[in-house]
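# Coordinate analysis (summary)
Residues per chain are reported as follows:
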Amino acid sequence: MPIEKLIDLVLQQFNGTDLIIAILGLLTGFILWRLIFSNPHERKKLLHQLIFWSMIVLVTGATILVYHRVVRAKESFASNETGILVLRITGDDDKNSLQHDLVDSLRRELEQVPSTNSIIVLASNERLDETTLNTTEAHERARNIGKQYKAQLVLWGDRVDRDKFWPFITIVNQKTNFFLRGERELDPQVIEAPQLPLVLVHEPVYLASFIAGLSLFQNGHYNEALKCLEPAGRFITTNSSERAPLLFYTALCHLTLAEAKSYPRDMLNNAIDELRSSANGIVNTNSSLDWVHIQYFLGYALQEQAKQYQGAEATRLLSEAAAAYRAALGGFTRLQYPREWWAAQNNLGTALLDQANQAQGTEKARLLNESLTAYRAALQVYTPSQFPQEWAMVQNNLAITLSEQAKQSQGAEATRLWGEAVIAIRAFTSDSYSRIRSPHEWAMAQHNLGFALGEEAKQSQGAEATRLLNESVAAYHAALEALSTTRTQFPNDWAFTQNNLGNALWQLAKQQSGSETARLFGEAAVAYRAALDVYKRYQLPQKWAMVQNNLGNVLILQARQSQRSENARLLNEAIIAFHAALEFYTAVHNPA
């Protein structure tokens with residue numbers, strides 16, 4: 001290795017105070033060596049020299065270690081601070097006037113933004129000379145210095161003559177901040193008293209605010225993150241390419257906070273506007289992964305916003321959500337980004353299903369078919385053995401769509417669709433994690449299983465119909481068992497399941513004879529009365545009247561299977577139930 005490269009390598013490793021300490025250590029050792037080892041005893045002298053130089057190296061290393069651990073530690077940034085480190089400027093005067101002006105200007109600007117009180121500015125004795133290193137090497141050296149100080153940004157540069165400054169900014173942790181340009185070379189600035197050019201102050205403040213906000217976002221402090229991210233926009237122009245990623249993370253904060261607060265409209269509107277602005281700020285091509293991610297979250301925000309509306313507005317929002325998911329799928333390939341592709345397909349299926357629920361006729365059928373296609377595509381990514389939770393989730397969504405299709409069909413096609421729905425629901429309910437993670441969702445899946453089996457039974461006869469109805473009753477009982485722990489949270493779901501259990505028992509009783517028929521009719525009446533504990537006339541009059549009518553019908557059937565005295569009681573109760581239903585079903589308002 002040439003001596004010049006060896007010297008350059010040493011100087012790159014030792015600079016500033018480290019270099020001074022190293023030189024002083026070597027110089028002290030050389031002087032002492034000349035004073036002590038002036039006698040001719042070579043062997044003893046060599047041994048002494050080895051011991052001596054070993055001690056010098058240890059002392060020098062210890063001195064450097066103490067400097068870094070004690071002195072440098074006092075100058076470095078705390079773990080909860082976002083640090084801007086300003087190095088000495090190459091070509092600055094003996095008083096480091098430009099460095100001091102930069103530090104003072106940055107601190108004054110940060111004082112105007114109270115939310116940035118975690119952003120700290122420090123001056124360093126370190127210096128980088130861009131004229132002796134190429135730009136890439138200089139940025140890497142700046143990054144190493146920044147790591148020693150635990151800084152996030154390093155500001156450095158060259159002063160040319162008295163009035164020109166060539167500034168550079170290095171982002172220290174480039175892996176964390178991959179979406180920001182980590183090595184920045186600003187245009188040469190004219191230095192004029194009494195104020196520095198705004199770009200010298202605004203660019204570092206913007207970057208530090210963005211990095212501070214991103215760190216808070218990644219640690220789940222979304223309100224605090226917004227307090228850093230929103231003011232950061234003041235320090236860049238409206239047409240700056242930096243605005244798109246800033247708006248993206250601001251939108252994610254609003255979207256996450258909206259989720260925690262049951263999606264209030266104002267927060268969702270903010271997130272949607274920010275995501276759209278962010279997408280417009282990035283080149284609108286599917287090759288841009290950033291743009292693709294924005295489209296995915298835009299679809300999610302629009303889908304949640306649609307839940308706040310009904311009719312045409314809900315349909316419009318769901319249509320836009322589906323378009324955004326399709327745009328995202330143009331960039332998320334199944335092989336390169338399987339998880340993102342799966343999530344976009346699953347959410348697209350749900351958006352199309354929700355849209356289908358707003359439609360009728362051929363349009364509804366088209367949307368349901370597209371929803372099925374999306375869900376089946378999502379199932380191509382994850383297998384039940386590798387990713388049971390994700391697989392089960394899509395199976396449940398697939399089952400709901402198949403059930404909706406079956407309701408629109410007749411005959412053999414309806415039977416086929418109900419059968420496929422049953423298979424999908426059982427795939428979901430067989431996943432043990434589903435019941436633990438989402439007990440209410442699991443319970444409603446059992447309810448849907450009971451309903452699908454009951455619909456299958458309508459298309460069957462004899463022993464097959466009896467088997468399907470028995471399985472339907474068992475599914476409703478499983479649903480009610482799971483709902484018993486959340487009855488106070490979801491009373492209407494519990495009542496709805498009781499009513500449908502009553503319907504299944506009613507149909508099963510018609511397949512039986514004798515005492516078994518009477519027993520099943522009795523259980524159906526118990527289920528209907530349980531539903532009426534929740535459905536009250538003054539709160540849910542239509543559902544209350546429906547269950548009263550069901551109760552009256554099953555009491556009549558039960559009376560036909562009973563003794564004379566029991567028969568009279570049951571008929572009286574049936575009459576009372578029908579009279580109650582007629583309080584809602586009138587010839588004028590509800591003639592059907």
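So, here's what we can say about the structure. (Residues numbered from 1 in each chain as written. Predicted model: local features only at pLDDT ≥ 70, side-chain atom pairs only at ≥ 80, totals over all residues. Heavy atoms only, no water.)

## Considerations on the overall build of the chain
Formally: Each helix is a run of DSSP H or I of at least 4 residues and each strand a run of E of at least 2, with the numbering of both proceeding from the N terminus. Buried means the residue's accessible area, taken with a 1.4 Å probe over protein chains only, is under 20% of the maximum for its type, while exposed means over 50%, and partly exposed covers the values in between. Throughout, a residue-residue contact means that at least one pair of heavy atoms, one from each residue, lies within 4.5 Å.
In terms of regular secondary structure, the chain is built from 22 helices and six strands. Each of the 592 residues in the chain was classed as buried or not, and the buried ones make up 48%. The contacts of the chain with a sequence gap of at least 6 include a subset with a gap of at least 24, amounting to 62%.

## Describing the pairing of strand 3 (residues 153-160)
Condition: Any two strands with at least two DSSP bridges between them are considered paired.
Counting buried positions along strand 3 yields seven of eight residues, so the element is predominantly enclosed. For strand 1 (residues 82-88) and strand 3, the ladder comprises three bridges, and the chain directions are parallel. Note that in strand 3 the partner of V86 across the bridge is L155. The pairing of strand 3 with strand 4 (residues 164-171) spans eight bridges and is antiparallel. Note on strand 4: the bridge partner recorded for D158 is W166.

## What to know about the packing of aromatic side chains
Test applied: To pair, rings of Phe, Tyr and Trp, with the six-membered ring standing in for Trp, must have centres within 6.5 Å; the planes then decide the type, stacked if under 30 degrees apart, edge-to-face if over 60, and tilted in the middle. Sitting over a ring, as applied to charges here, requires NZ of Lys or CZ of Arg to be within 6 Å of the ring centre and within 35 degrees of the ring normal.
For the coordinates displayed, the defined rule picks out 13 aromatic pairs. Their ring planes at 70 degrees and their centres at 5.5 Å tell us that F217 and Y222 sit as a pair that is edge-to-face. With a centroid separation of 5.6 Å and an interplanar angle of 80 degrees, the aromatic rings of F217 and Y249 are classed as edge-to-face. Of this pair, F217 sits in helix 6 (residues 198-218) while Y249 sits in helix 8 (residues 243-260), and the two are 32 residues apart along the sequence. Across the pair, Y249 and F217 agree in class, each one buried. Feature note: the residues Y206, F210, F217, Y222, F248, Y249, Y296, F297 and Y325 constitute an aromatic cluster, connected by ring pairs. Lying over the aromatic face of Y309, R265 brings its terminal NZ or CZ to 4.1 Å of the ring centre.

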